[in-house]
Amino acid sequence: MKHLFWAGILLAATPAWAQEAADAVAPEGAAETADAGFAAISEEVAAAIEAKEEGTPVEADNWMVAAANPHAVSAGAEVLRAGGTAADAMVAVQTVLGLVEPQSSGLGGGAFLVWYDAATGEVTTLDGRETAPLAATPTLFQDDSGEPLKFYDAVVGGRSIGTPGTPALLEAAHRRWGRAAWPGLFTAAIDLAEDGFAVSPRLAGLIEKDADRLSRWSDTADYFLPGGTPLAVGSTLKNPAYADTLRRLAAEGARGFYSGPVAEAITSAVRGAEGNPGVLSAMDLALYQVKERPAVCVAYRAFEACGMGPPSSGALTVGQILGMLGNYDLAELGADNPDAWRLIGDASRLAFADRGRYMADSDFVPMPTQGLVAQDYLATRATLLSGDDALPAVNAGAPEFDHALLLADDESIELPSTSHISVVDQYGNVLSMTTTIENGFGSRLMAAGFLLNNELTDFSFRSHREGVPIANRLEPGKRPRSSMAPTIVLKDGEPVLAVGSPGGSRIIGYVAKTIIAWADWGMDVQQAVALPHAVNRFGTYDVEAGTSAEDMTQPLTDMGFEVNARDLTSGLHLIEIGDGLKGGADPRREGIALGE
Ligand code: GLY
């Protein structure tokens, strides 16, 4: 890519406090690519690292797994090699990620899972999102005068913690699609937690950057900063408390998490957080349920991109971007053409305007879900892109909606964290799951060996604007709107690509751009993952610092975009399903793909 462009026009709705928080140092910022001794795990891991460094996909015939850490990918590979399904492998991958990449996802968080079932040809989505406690109110993140709290004042402590969903999701997926015995899926993580693992460069760097916040509670400080010093790269880290929790899950299933000693440890950490306690209760944990939701599928070229609907905005917003761009010939323009990026950037801005107005937990807020991705609506929105310059202003559209509900634009902040897992098993099932504890290190509170999420800060801190309700306002029992976009792309009803990424609300841009790179520009999965990023959400076109994406600065500026070069630390993990399997892992993080 030789060029990139933009028009950075901040929407008037972005208030100063939100901008301040969004500009704050995100602890998930730095790119870390060193192998951290990972190559010693096995020969196949060493080969996968080499393939990634050379920029070539990993190839296989039967099964494949791609995720953010080689220990976790190895655990998943062993399950698949032994005949396990993608759902079985996911349990092993997630439980190891919760140990070796604890800042991004784990038992204390939530996840969305998209599943293609080879036996039925159907795509199913499971919602394991965290849920607002029953005692939470719309003013949870406001001060006494009704003004929003500063972001990290809200995040750090018990207040931001929603009922975790990941343990229930693991069990639900395994019950439905698993073949391997449940207890054995925890062995890799238990062994690693007891024997210890080498702290990776990425984890060590993030601990050092976040040392002040991690020091606030003694359990967290003792784990990440023993003796007051941040864990160093390569130091051996053991977590016997996590091993105990996993043993309980292995023996009792999710019940062993949502009741008994683990549940008591969680509520006591949340409610006892000095200075910023939360309201999560034993009842909230006992009532938690995974929800099956209809997949949101949107046609793009010869393909169909299927993903997670509300409470995620992921599939709808990715689908809107692709649906608008389907009216333009990006293949003809090519990846080096500033006009291709003008179209992508302004299609994204239009989609984000609809996202801010309409998207939230549809169990609480009537949503024009079908209207938002209707082809005629998107074709009409796409006509706005027919000029030569950046759009001077962007507003939410008027999708077909059978509800006369007036909604105001929201003010949610999502900083990048999270992790993505893609798996294909030997039976032809495909899994795409994005998993999170929200901010890097979540709420910074630990219980029973794992970090607790801060997912409630994905709600809008304000509940109303000038008396008009905001769709993503906090309500008891509601799930905060997400940007996570685990996606399975189909062609003629058959899966051809599994894709997803971390990155807060930039996830949407990372996933849309990667599908375009693969579908329109003919890039293989590793090229598509590595392609320098340029993403536009609310007006400012972010181009990836230190890459050829910065060359787009001038052309985009000339078109009227405001352009900002910065780190864009995606964590894309792709598997292409064709004659064989091809896996790609993001060079910006430590992950790999493995297959056989
Ligand atoms: N907390 C990140 C997301 O759900 O989008």
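Quick notes on the rules
- Residues numbered from 1 in each chain as written.
- Predicted model: local features only at pLDDT ≥ 70, side-chain atom pairs only at ≥ 80, totals over all residues.
- Heavy atoms only, no water.
- UniProt positions renumbered as here; feature names shortened; annotations may be inferred.
- Patch = residues over 30% accessible without salt bridge, like charges linked within 9 Å, V, L, I, M, F, W, Y side chains within 5 Å.
- Areas by Shrake-Rupley, 256 points an atom, 1.4 Å probe, with all protein chains shown as cover.
- Salt bridge = Lys/Arg side-chain N within 4 Å of Asp/Glu carboxyl O.
- Helix = DSSP H or I, 4+ residues; strand = E, 2+ residues; numbered from the N terminus.
- Pairing = 2+ DSSP bridges.
- Axes fitted to C-alpha atoms, helices over the stretch in contact; angles between N-to-C directions.
- Expected span 1.5 Å × (residues − 1).
- Buried < 20%, exposed > 50% of the residue type's maximum accessible area, 1.4 Å probe, protein only.
- Core = buried A, V, L, I, M, F, W, Y, C linked by side-chain atoms within 4.5 Å.
- Right-handed = clockwise from strand over helix to strand, strands pointing away.
- Phe/Tyr/Trp six-rings, centres within 6.5 Å; stacked < 30°, edge-to-face > 60°.
- Lys NZ or Arg CZ within 6 Å of the ring centre and 35° of its normal.
- Parallel < 35°, antiparallel > 145°, perpendicular 65-115°, else oblique.
- Left-handed = near helix turned anticlockwise from the far one by under 90°.
- Contact = heavy atoms within 4.5 Å.
- Nonpolar A, V, L, I, M, F, W, Y, C, P; charged D, E, K, R; others polar.
- Arc of directions from axis to C-beta.
- pLDDT = per-residue confidence, 0-100.

Under an unreviewed UniProt entry, the protein chain has the name Glutathione hydrolase proenzyme and belongs to Phaeobacter porticola. Entered under Subunit (unreviewed entry) in the UniProt record, the comment concerning the protein chain runs "This enzyme consists of two polypeptide chains, which are synthesized in precursor form from a single polypeptide." The protein chain has a UniProt comment under Pathway (unreviewed entry) that states "Sulfur metabolism; glutathione metabolism."

Our next topic: a nonpolar patch on the surface. A cluster of nonpolar residues, Leu-134, Met-283 and Leu-287, forms a patch on the protein surface that exposes about 310 Å² of accessible area. Looking at the element boundaries, Leu-134 is found in the loop between β4 (122-128) and α5 (151-155).

This part covers the sheet that holds strand β23 (residues 592-595). With antiparallel pairing, seven strands are arranged side by side in an open sheet as β7-β4-β3-β11-β10-β2-β23. Each edge of the sheet is formed by a strand with only one pairing partner; in this case those strands are β7 (291-293) and β23. Here the average twist between neighbouring strands, direction ignored, is 15°. In this sheet, strand β11 (residues 430-436) lies alongside strand β3 (residues 110-117) in antiparallel orientation, the contact comprising seven bridges. Paired with Trp-115 across the strands is Leu-431, a residue of β11.

The subject of this paragraph is helix α20 (residues 507-519). Spanning 13 residues, α20 covers 18 Å between terminal C-alpha atoms, matching the ideal 18 Å at 1.5 Å per step. Counted residue by residue, α20 has twelve buried out of 13 residues, so it is predominantly covered.

With that settled, consider the nonpolar core. With 119 residues, the main nonpolar core has Leu-113, Phe-186, Phe-224, Ile-266, Leu-431 and Leu-452 as its most contacted residues. Per-element accounting of this core gives the leading share, eleven residues, to helix α4 (residues 86-100). Formed by 62 residues, the second largest nonpolar core is a distinct cluster that contains Leu-325, Leu-378, Ile-516 and Met-552.

Moving on to the pairing of strand β19 (residues 540-544). Most of β19 sits out of view: five of its five residues are buried. Across the two faces of β19 the burial is the same, with Thr-540, Asp-542 and Glu-544 and Tyr-541 and Val-543 all buried. Examined bridge by bridge, strand β18 (residues 534-536) and β19 share three bridges and lie antiparallel to one another. What sits directly across from Val-535, in β19, is Asp-542. The hairpin formed by β18 and β19 contains three residues between the paired strands, and Gly-539 there has a positive phi angle of roughly 135°. Of the strand pairs in this sheet, β19 and strand β20 (residues 562-566) are connected by five bridges, and their pairing is parallel. Along β20, the bridge assignment pairs Tyr-541 with Val-563. Traced from β19 through helix α22 (residues 553-559) to β20, the parallel crossover comes out right-handed.

Ring pairs (aromatic) are described by centroid distance and by the angle formed between their planes. Taken as a whole, this structure holds 15 aromatic pairs when the rule is applied. An angle of 25° between the planes, with centres 4.9 Å apart, marks the rings of Phe-141 and Phe-461 as stacked. Here the residue Phe-141 occupies a position in the loop between β4 and α5, and Phe-461 occupies one in the loop between β13 (450-451) and β14 (464-465), the gap between them amounting to 320 residues. For Phe-461, a relative accessible area of 1% translates into the label buried. For the ring pair Trp-182 and Phe-186, a centre distance of 4.8 Å and an interplane angle of 70° mean the geometry is edge-to-face. Taking relative accessible area as the criterion, Trp-182 reaches 11% and is therefore assigned buried. For Phe-186, a relative accessible area of 0% puts it in the buried group. Between the NZ or CZ atom of Arg-179 and the centre of the ring of Tyr-427, over which it lies, the distance is 3.8 Å. One residue, Arg-213, lies across the ring of Tyr-152, its end atom 3.6 Å from the ring centre.

Direction vectors running N to C along α4 and helix α7 (residues 187-195) enclose 20°, while the axes themselves pass 8 Å from each other. With respect to each other, α4 and α7 are oriented roughly parallel. Crossing angle aside, the handedness with which α4 passes α7 is right-handed. Seen from α4, the contacting residues are Thr-95, Val-96, Leu-99 and Val-100; seen from α7, they are Ala-188, Ala-189, Leu-192 and Ala-193. Classifying every residue of the contact of α4 with α7 gives seven nonpolar, one polar and no charged.

Side chains of residues three or four places apart in an α-helix project in the same direction, reflecting 3.6 residues per turn. All of the buried residues along α7 are Ala-189, Ile-190, Leu-192 and Ala-193. The arc that holds the buried residues of α7, viewed along the axis, is 170°, so those residues lie on one side. The inward-facing, buried residues of α7 abut α3 (70-81), α4, β5 (197-198) and α11 (240-252). Gly-196 lies just past α7 and shows a positive phi near 95°.

What follows concerns the confidence of the model for the protein chain. Mean pLDDT over the protein chain: 92, with 92% of residues reaching 70 or higher. Mean pLDDT across the elements of the protein chain bottoms out in helix α1 (residues 16-23) (31) and peaks in α4 (99). In the predicted structure, residues 1-35 sits below a pLDDT of 50 and forms 141 contacts with residues beyond four places in sequence or in another chain.

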